[in-house]
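Take a look at the letters that make up each chain.
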Amino acid sequence: MTTSIAATIRERVARIETMPSIPAIFIPLLELLNLPVERVKLDEVVKLVSYDNTIAAQCLRVASSPLFGLAKSPESIKGAVISLGLRKVETILLTCCLSNAFPAKSWALDPTLFWRHSLGCAMVCRKFSDKLGGGDGDKAYMAGLLHDIGLLVSCIAFPKELTAAFALANQEQTPIEEAERTTMGFTHCETGRALAEKWHLANDMLQVIAHHHAPEQSEGAQPLVALVHLSDLLCRMRGMGYGYYERRRVDWVADPAWAILQKEHRNLDGIDLVRFTFEMDEAIEEVFGLVSTIFGGTAARN
Ligand SMILES: [Fe+2]
Ligand SMILES: [Fe+2]
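Keep in mind it's a predicted model, so treat the numbers as computed, not measured. What you see as residue numbers is a count from 1 along each chain, following the sequence as written. Chains and ligands are labelled by the order in which they are written, letters from A for the one and numbers from 1 for the other. Totals for whole chains, interfaces and linings use all residues, but because this is a predicted model, local features are given only for residues with pLDDT of at least 70 and pairs of side-chain atoms are given and counted only at 80 or more. Derived side-chain values reflect all non-hydrogen atoms in the structure, with water molecules and hydrogen atoms excluded from consideration.

J.: Go over the coordination of the iron ion (ligand 2) with me, naming the residues and quoting the values.
T.: Because water is not among the atoms used, a metal site may look incomplete, as its donors are only the N, O and S atoms within 2.8 Å, or 3.2 Å for Na, K and Ca. The protein atoms donating to the iron ion (ligand 2) are His 117 (NE2), His 147 (NE2), Asp 148 (OD), Asp 232 (OD) and Tyr 242 (OH), with metal-donor distances spanning 2.0 to 2.3 Å. Distance-wise, the iron ion (ligand 1) is placed 3.6 Å from the iron ion (ligand 2), both being coordinated by Asp 148. Within this pair, whereas His 147 is found in the loop between helix H8 (137–146) and helix H9 (149–157), its partner Tyr 242 is found in the loop between helix H14 (222–237) and helix H15 (256–264), the two being separated by 95 residues in sequence. For the residue pair His 147 and Tyr 242, the accessibility class agrees, reading buried in each case. Each helix is a run of DSSP H or I of at least 4 residues and each strand a run of E of at least 2, with the numbering of both proceeding from the N terminus. In this scheme, a residue with accessible area under 20% of its type's maximum is buried, one over 50% is exposed, and one in between is partly exposed, where area comes from a 1.4 Å probe on protein chains only.

Quick look at the structure:
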């Protein structure tokens, strides 16, 4: 990408009035999520969430939904954590936080599809990381959740251009990042990077956001970027993409990301890929339920 395109993106992103500022409780929640579960102090989570009534209310509404099958609706965040477990409540909270930061108007991309893809990718990333061992499952989860945040930035900053890119991608059944390059000359990786810089996200998250379609180009955090790349591909193959069919052959093992992970994880070749993808189907059902509870709608698979 030329420096002038980078400057245009940065300038447009900086100028947008509706550009989301980072939700106040988001970074502290992220930090909590990065702690081992036994070190997270429940009172800290409750106190943090109490600063934002909208998110607290939204979280309780989701926790009370039939999706979680609780006999009694929780009346407080603490009650929700006790009934559902901390990790589930954190997932709900972070998703609510991000969805509030980007209120859905008439986006080029159906928000239900977007969040389903992001949450699906987050869950696959965590399971993949756990399977490899020695990694940080929660960090992988967060990376999956945030990897495509640039698509939301482009929905706001370049609505017409992104609509054209999706139209082309639908028509040609090509990956959205290729269609963006054709119609716009840059992708959501670049707009995402501008937001990551604006939000002062940590370098590993920035690398994921900026390079998840070409992990070999990342500067640092390559294994994490590679893991997100492969998880993203898996979601797109398993009906959790961007709402249209992508006609392409995906070969995980031949992908450069696989070689990056191989260097880091010796047991990678021992993973039964067919079994792994079937295991992911469980996560996928959970994601469908969670996203339709938070965002409503019944967007079709793909
Ligand atoms: Fe992407
Ligand atoms: Fe993606």
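Resuming the write-up.
J.: Kindly report on the environment of His 147, identifying the contributing residues and their values.
T.: On the basis of relative accessible area, His 147 is assigned to the buried category, the value being 0%. Each C-alpha atom of the pair His 147 and Leu 162 lies 17 Å from the other, and the pair is 15 residues apart in sequence. Polar contact is the term for a pair of N or O atoms within 3.5 Å; when the atoms are in protein, one must be able to donate a hydrogen and the other to accept it, and sequence-neighboring residues count only if both atoms are side-chain atoms. Engagement of the side chain of His 147 in a polar contact is seen with the side chain of Asp 232, the distance being 3.2 Å.

J.: Provide a residue-level description of the side chain of His 229, including the pertinent values.
T.: Its location among the elements puts His 229 in helix H14. The class for His 229 is buried, based on a relative accessible area of 8%. Polar contacts involving the side chain of His 229 include one to the main-chain carbonyl oxygen of His 212, which spans 2.7 Å. When sequence neighbours within four positions are dropped, the list of residues in contact with His 229 reads His 212, His 213, Pro 215, Asp 255 and Ala 257. Every residue pair with non-hydrogen atoms within 4.5 Å of one another is taken to be in contact.

J.: I'd like a description of the layout of surface pockets, backed by residues and values.
T.: Definitions used for this entry: grid spacing 1 Å over protein atoms alone; cavity, a set of points where a 1.4 Å probe fits but cannot get out; pocket, an open set with protein on both sides within 12 Å along at least 5 of 7 lines; lining residue, one with an atom within 4 Å of a point. Grid points are joined across faces, edges and corners, and a volume is the space filled by probe spheres set on the points. The volume enclosed by the largest pocket comes to roughly 470 Å³. Lining of the largest pocket is provided by 25 residues; of these, Arg 181, Thr 187, Cys 189, Glu 190 and Ala 210 occupy positions nearest its centre. In terms of residue count, the dominant contributor to the lining of the largest pocket is helix H12 (residues 188–198) (five residues). Residues of the lining of the largest pocket, tallied by class, amount to nine nonpolar, six polar and 10 charged. Residue classes follow a fixed rule: Ala, Val, Leu, Ile, Met, Phe, Trp, Tyr, Cys and Pro count as nonpolar, while Asp, Glu, Lys and Arg count as charged, and any other residue, Gly among them, counts as polar.

J.: I'd like a description of the coordination of the iron ion (ligand 1), backed by residues and values.
T.: Every protein donor of the iron ion (ligand 1) is accounted for by Asp 148 (OD), His 188 (NE2), His 212 (NE2) and His 213 (NE2), and the metal-donor separations fall at 2.0 to 2.2 Å. Here the metal geometry follows the donor angles, with tetrahedral for four donors whose angles all fall between 85 and 135 degrees, square planar for four and octahedral for six when opposite donors are more than 155 degrees apart and every other angle is between 65 and 115, and irregular for all the rest. In this structure, the iron ion (ligand 1) is coordinated by four donor atoms arranged in irregular fashion, with angles at the metal of 87 to 177°. Read N to C, the donor residues that coordinate the iron ion (ligand 1) are spaced as D-x39-H-x23-H-H. Judged by relative accessible area, His 213 falls into the buried class, the value being 17%.

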